[in-house]
Amino acid sequence: MPTEIEKREEEDRWFKKHEEDLIEAAKEKKRIEEEERLKKLHFMHCPKCGQTLHQIEIEGITLDKCVKCEGLWFDKGELEELQRREEEHKHKFFGKFMEMFR
Ligand SMILES: [Zn+2]
């Protein structure tokens, strides 16, 4: 049987853990709110000059282009996809070019 002191210590540990969990949950909620606030503020705005970004399509890939400074912004994987298509195109071109001499 736990003594009164042990029961009290167990209770204290439970309250401390519960309080820590509440603090962590509040921090996480604040972090998510800040992330959403920043996304609303910056979404589709140029990271260089802050103006609006418009979507343009190159080779079937949609890129974001700034209306002011004309900066071009790639989403994750888009640059690699363009490079891949460029390589593919180059090979097609040289393949056809070489066929002319056969
Ligand atoms: Zn810009």
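Preceding this section is the structure that the text describes.
Residues numbered from 1 in each chain as written. Predicted model: local features only at pLDDT ≥ 70, side-chain atom pairs only at ≥ 80, totals over all residues.

**Structural notes on the overall build of the protein chain**
Then, number 1: Regarding its fold elements, the protein chain presents two helices and three strands.
Then, number 2: Along the chain direction, N to C, the helices and strands of the protein chain fall in the order α-β-β-β-α.
Then, number 3: The C-alpha atoms of the protein chain give a radius of gyration of 29 Å, which is well past the 13 Å a tight globule of 102 residues would have.
Then, number 4: Taking the principal axes of its C-alpha atoms as reference, the protein chain extends roughly 95 × 40 × 15 Å.
Then, number 5: The 102 residues of the protein chain split such that 0% are buried.
Then, number 6: Counting contacts in the protein chain only where the partners sit at least 6 residues apart, residues at least 24 apart contribute 5% of the total. (Helix = DSSP H or I, 4+ residues; strand = E, 2+ residues; numbered from the N terminus. Rg over C-alpha atoms; globule rule 2.2 N^0.38 Å. Buried ≥ 20, exposed ≤ 12 C-beta atoms within 10 Å, placed from the backbone. Contact = placed C-beta atoms within 7 Å.)

**Focus on helix H1 (residues 4-42)**
Then, number 1: Taking 1.5 Å of rise per residue, the 39 residues of H1 would be expected to cover 57 Å, and the 57 Å separating its terminal C-alpha atoms lies within 8% of that figure.
Then, number 2: Burial analysis of H1 places just zero of its 39 residues in the buried class, a small minority of the element.
Then, number 3: Two residues or fewer past H1, methionine 44 is found with a positive phi of approximately 60°. (Expected span 1.5 Å × (residues − 1).)

**Topic: the sheet that holds strand S1 (residues 53-58)**
Then, number 1: One open sheet holds the three strands; their spatial order is S1-S2-S3, and the pairing between them is antiparallel. Strands at the two margins of the open sheet, each flanked by one partner only, are S1 and strand S3 (72-73).
Then, number 2: Pairing of strand S2 (residues 61-66) with S3, which is carried by two bridges, proceeds in the antiparallel orientation. Directly across from lysine 65, in S3, lies its bridge partner leucine 72. (Pairing = 2+ DSSP bridges.)

**Points about the environment of glutamate 59**
Then, number 1: In this fold, glutamate 59 is placed in the loop between S1 and S2.
Then, number 2: Contacts of glutamate 59, omitting those with residues within four sequence positions, involve Leu82 and Arg85.

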